[in-house]
Number of protein chains: 2
Amino acid sequence: MTAVAHGAPNDRARPAGEPRWLDAEEQKAWRAWLYSAQLVLDRLDRELTHETGISHAYYEILVALSETPGRMLRMSELADRCLSSRSRLSHAVSRLEERGWVRRQVCAEDGRGQLAVLTDDGFEALEAAAPVHVESVRTHLFDQLSPEQVEAMRDLGETLLRHLAAR
Amino acid sequence: MTAVAHGAPNDRARPAGEPRWLDAEEQKAWRAWLYSAQLVLDRLDRELTHETGISHAYYEILVALSETPGRMLRMSELADRCLSSRSRLSHAVSRLEERGWVRRQVCAEDGRGQLAVLTDDGFEALEAAAPVHVESVRTHLFDQLSPEQVEAMRDLGETLLRHLAAR
DNA sequence: GCAGCCTAGTTGATGGCTCAATCATTCCGC
DNA sequence: GCGGAATGATTGAGCCATCAACTAGGCTGC
């Protein structure tokens, strides 16, 4: 599953010098992180999808809108908050419009812009899904972790974000 | 982005009692974990895909095969190791066959079973991709973390896995 | 006031993933 | 050994994400 799996540094010339292979301990840490992240994300998405019909990606859109005054956001701002590309968001909002949970509205200040607005039906759908989601997060994350581990999770996450959010 | 976003416990009756909403600190820890996991996974996949033409999912298949004596595995065993459904793996192996990196072979002991076998071309493709992948993992993960954080990452991952791997 | 560039957002083609249905083979009880 | 259940794997339909191309509106300098 990982870069160094087939062993010791080999002798191929690399554009950027010798690869910095992982040692056995790093390997274990990396795989534990990778597997756990994949499994938890997958599990949260599946439980939410199967019990409410809303995928985690769509849920994030509804939440982002609900947290905003007026329950509306510019498409690009919404995309950023959902870690989504604009194209992906545009498609997703179209599907949410079909369900009647979001509607589009042209932006008054900028004729190019669009506002995505959460409808009352959308808010209700979100309210119905939220307890399911929080229960999954509790079950697969917080219930498994000591307070120290929760703190470590936050520290780790924030450290990684500091690097990646900067682009 | 999260379950408790729209605030305090409300009064809707829930099948399983009052939702166990996250408090502000839990909220921060949860979002830090979620965003960082999504961003890191996304980044690793994009860098690998763009620089080598192999997605992370396909890369995992090649690695799993390469680590095995004879460089072959039963389809279902391979699926388990890649955290993949059988259907997904079957589709993926078909694509890898088209590239000439894997071939299928009926299993001698069980006529229903199939073996996925890594070809020499497949092994070469993996060797070419591995340095790119390990560099991404270093850049976005290990280079950002102290030894204590790496240890915490491993501890956290293993704890979550213990719960999820058990199903 | 318009030419050229930039920004916001959408669209459609392509490929991957999920789910349910299906096929082939093996296992099991008798 | 034979009928039925279980197992291993594949298939196809439908949905979602990605990428590149495109539309439309705004901005800037002259």
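Cut-offs applied
Residues numbered from 1 in each chain as written. Chains lettered and ligands numbered in written order. Predicted model: local features only at pLDDT ≥ 70, side-chain atom pairs only at ≥ 80, totals over all residues. Heavy atoms only, no water. Helix = DSSP H or I, 4+ residues; strand = E, 2+ residues; numbered from the N terminus. Buried < 20%, exposed > 50% of the residue type's maximum accessible area, 1.4 Å probe, protein only. Contact = heavy atoms within 4.5 Å. Least-squares fit on C-alpha atoms with pLDDT ≥ 70 in both. Near = heavy atom within 4 Å. Polar contact = N/O pair within 3.5 Å; in protein donor to acceptor, adjacent residues only side chain to side chain. Nonpolar A, V, L, I, M, F, W, Y, C, P; charged D, E, K, R; others polar.

Draft legend 1. A look at the overall build of chain A. Looking only at helices and strands, one finds 6 helices and 3 strands in chain A. Burial status across chain A gives 51% buried among its 167 residues. Across chain A, contacts joining residues at least 24 apart in sequence account for 49% of those joining residues at least 6 apart.

Draft legend 2. A look at the relation of the copies chain B and chain A. For the pair chain B and chain A, the superposition axis carries a translation of 0.0 Å, the fit reaches an RMSD of 0.0 Å, and the rotation angle comes to 180°. Here the copies are linked by what is in effect a two-fold axis.

Draft legend 3. Geometry of the protein's contact with DNA strand D. In the vicinity of DNA strand D there are 22 residues, among which Ser 87 of chain A together with Ser 76, Ser 90, His 91 and Arg 104 of chain B approach most closely. Protein-adjacent atoms of DNA strand D, using a 4 Å cutoff, are sugar or phosphate at a proportion of 72%. Within the contact set of DNA strand D, a phosphate oxygen lies 2.6 Å away from a side-chain nitrogen or oxygen of Ser 76 of chain B. Elements with a minimum of two residues in the surface near DNA strand D: helix 2 (56-66) and helix 4 (86-98) of chain A together with helix 1 (24-52), helix 3 (75-81) and helix 4 (86-98) of chain B. Split by residue class, the surface near DNA strand D holds 3 nonpolar, 10 polar and 9 charged.

Draft legend 4. Representation of the protein's contact with DNA strand C within the structure. Among the 23 residues in the neighbourhood of DNA strand C, the closest are listed as Ser 76, Ser 90 and Arg 104 of chain A together with Ser 87 and Arg 112 of chain B. Here the atoms of DNA strand C within 4 Å of the protein split so that 73% fall in sugar or phosphate, with bases taking the remainder. Within the side chain of Arg 95 of chain B, a nitrogen or oxygen atom sits 3.2 Å from a phosphate oxygen of DNA strand C. At the level of elements, helix 1 (24-52), helix 3 (75-81) and helix 4 of chain A together with helix 2 (56-66) and helix 4 of chain B are the ones that each hand at least two residues to the surface near DNA strand C. Tallied by class, the residues present in the surface near DNA strand C amount to 3 nonpolar, 11 polar and 9 charged.

The values are spatial; any link to function lies outside them.
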